[in-house]
Structures are given as structure tokens and as C-alpha cells.
Amino acid sequence: MRSLIIGGSGFVGTYLERHLRTLGHETHITKMPKERVGRNETGRYEQDIAAAVWDLDILDAKAVSRLIERIQPDYIFHLAAQSSVVVSWERPGLTADINIRGSIHVLEAVRRQKKKMRVLLIGSGEEYGKISQEEVPVCEECRVRPGNIYAATKVCQNMIGAIYAQAYGMDVLMVRAFNHIGPKQSPIFVLSDFCRQTAEIEAGKKEAVIKTGNLDAKRDFTDVRDVVRAYALLTEKGKAGETYNIGSGHAVRVGDILQMILEQSKVKFRIETDPKKFRPLDVPVIEADIRKVCERTGWIPQISLEQTVRETLDDWREKVNRGYR
């Protein structure tokens, strides 16, 4: 099998590439021309990235088409996205361009191929928006009420994917991935942010204060290694035109995540709220109903939240000790 991971040099892509390779796939990943994510201090790719690496801007429709025509993959994992909710408020136009127009470029390129290719479009649990208590845990048939720009673009991507599957008979599947976490994640995301701050405090590089946003929000956190297993299984067993939730099935208060880190910290610190870390509109609880993907593929999450927190904190300790900022 030959797999193409569009946007594959980032956090999720590197884990996915590694997992696909263990399954015997020939792997190809794309990155932005100026992107250095996935490289070590020497400028070379880490040894555990063995894929063919291609420069690609998904806003360039012709370049997308040329690359897919050249590689002729069996599976396409479309991970390329502007995935930060915070950034989506700051740059809504860019978020819409990348998440909607970029996805259309991929689907159009695949539609023109003679070879049948299976496409997995990666969406977000944020698409459901403000969920009523009666809807928790939220299932794929629940109404979507996007509460931020990022979520709105992912709802649009999902609808477009379903339209292409129905109108053109294309082999397109959609997922709504809830909060995925793990070592090497960018500190713009909450767990990694808390772990970085804690590691800096332990190393004496920061005052003993953790800056936080809304600690009362409840989110469904899943280890990235479990998430990529689900993606691979869906390409094998998922049904075209369908949407699948990927999550742990349990919502956890963000403040409880911080408490786990505090219990593992080598030093004490105090907690301060930072207005800059609050979203203009926040959703109180997001929790996934994952029965559909479990029943279709046999997938279940295997890595505990405690393990993920511990390994993410240890990863940041190592980075801070190396002088990473």
C-alpha cells in the first residue's frame, strides 16, 4: 500500500507516518516549502521519519494535482490544516482558505484520477459546538453548532467531503477528531502549554507561576498514538461517505489535567488566569460518543491520560534542559 499524508511533517503526521510504516505502507508526506517541523538541530529529518518528503502548498491547486498524479497513492490522509482555535480568531481568512479551499483542491485532484483512491478528511470535535446536557456524549448524527471560526471551517470541509462521496461516487471518509495530545505537541495546545511552563519552572527558567485560560472547560483527550491507529483502521474498514468520531469517550476538566501535572512536578507553583488565553466564545463540555468507530473497526483507546501527561511532561523537561524555548 502507498499512503500520502498531506500535512504530514507536523505533530500528528509524524506519528501517523511511523504507524503506517509498521503496517508495511510505502509512505509519502508533504510539508510547506519553508517548514522545518520534523527536523533536528542539524536540519536533517529525524531518523524515525523514513517517508519520501515533498514540498507542497495546498492553496496551489495545480501543485496538489501534480503531486497526487505523480505519487498515485492508495490512501490519502488529509491532515493539512490551520488547527488552532486561537489562531482562527486572529486569522479567520487564512483559516478558511487552508481548511476549505485546500480540501477542495485535494478532492478535485483525486476526482480527476483514473485510479480509485481512498481519502480521509480530518475534522474536529469542535464542530459540534455548544452541546446540551442531553446530547453528552455527542454522536455523529447530532446537530453541529460551530462556536468558533476553526470549527465552522471544519463543518464546511465535512459537508464538502460528503457531497463529493455522494455526487461523484468517490471513496471519501470524514472523521471528527477530539482533543489529541502527546509528546512533541506544539505549546499552543493546552496540555503541552502546561507541561512546557512546568518544565521551565523546574529548570529555574521561569517564575513559579502557571498561566492558564479557562480551567472549567471539559474536553475529550486522546493520546495521538491511539488517534493514528484509528485513522489507519478507518482506511481499511470505514464506509465511504460516513463520518466517525475519534476520542476517548470521556470528558475531563482542563483544571484536572493541570492537577495531574502539579502532582508530578518537582516544584510547587501557583496558578494565575491569563485573559489572553481565554477564547472569545468557549464551549463548556465536549465529549465523544465513539461507538460507531469502535463497532466498525474494533478500535479502542489503549493509552491512559496519566501516561500521556507523564510522557509529555518528560518530553518538555528534556527539551528545556537542551535549551529549547
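Our subject is the structure that appears above.
Residues numbered from 1 in each chain as written. Predicted model: local features only at pLDDT ≥ 70, side-chain atom pairs only at ≥ 80, totals over all residues. Heavy atoms only, no water.

J.: Can you tell me about the packing of helix α8 (residues 254-264) against helix α10 (residues 305-321), naming the residues and giving the values?
T.: Taken N-terminus to C-terminus, the directions of α8 and α10 make an angle of 60°; their axes are 10 Å apart at the nearest point. Judged by the angle between their axes, α8 and α10 are oblique. Read as a crossing pair, α8 and α10 show a hand that is right-handed. Every residue of α10 that contacts α8 at I257, M260, I261 and Q264 is listed here: L305, E306, V309, R310, L313 and R317. (Axes fitted to C-alpha atoms, helices over the stretch in contact; angles between N-to-C directions. Helix = DSSP H or I, 4+ residues; strand = E, 2+ residues; numbered from the N terminus. Parallel < 35°, antiparallel > 145°, perpendicular 65-115°, else oblique. Left-handed = near helix turned anticlockwise from the far one by under 90°. Contact = heavy atoms within 4.5 Å.)

J.: Describe in detail the packing of helix α4 (residues 92-111) against helix α5 (residues 149-168), supporting the description with residues and values.
T.: In the contact formed by α4 and α5, the axes pass within 9 Å of each other and the chain directions differ by 15°. Put simply, α4 runs roughly parallel to α5. Classified by chirality, the crossing of α5 by α4 is right-handed. Here α4 contributes P92, T95, A96, N99, I100, S103, I104, L107, E108 and R111 to the contact with α5, which in turn contributes I149, Y150, T153, K154, C156, Q157, I160, G161, Y164 and Y168.

J.: Now, about helix α2 (residues 61-71): what can you tell me, with residues and values included?
T.: Restricting attention to buried positions, one finds in α2 the residues A63, V64, S65, L67, I68 and I71. Here the buried face of α2 lies against β1 (2-6), β2 (26-31), β3 (52-55), β4 (75-78) and α4. Put simply, D60 is the residue that caps the front of α2, since its side-chain oxygen is 3.3 Å from the backbone nitrogen of K62. In the segment just after α2, Q72 is the residue with positive phi, at about 55°. (Buried < 20%, exposed > 50% of the residue type's maximum accessible area, 1.4 Å probe, protein only. Polar contact = N/O pair within 3.5 Å; in protein donor to acceptor, adjacent residues only side chain to side chain.)

J.: Kindly report on the nonpolar core, identifying the contributing residues and their values.
T.: Among the nonpolar cores identified, the biggest contains 37 residues, and L16, F77, L120, Y231, I246, V293 and W299 are the most heavily contacted of them. Listed by contribution, the elements that provide at least two residues to this core are α1 (11-22), β4, β5 (118-124), β6 (171-177), α7 (224-237), β11 (243-246) and α9 (291-297). Counting residues per element, this core draws most heavily on α7, at eight residues. Ignoring any residue separated from it by four or fewer positions in sequence, one finds L16 in contact with I5, F77, L79, V228 and Y231. In this structure, A80, A109, Y164 and A165 belong to the second largest nonpolar core, which totals 26 residues. (Core = buried A, V, L, I, M, F, W, Y, C linked by side-chain atoms within 4.5 Å.)

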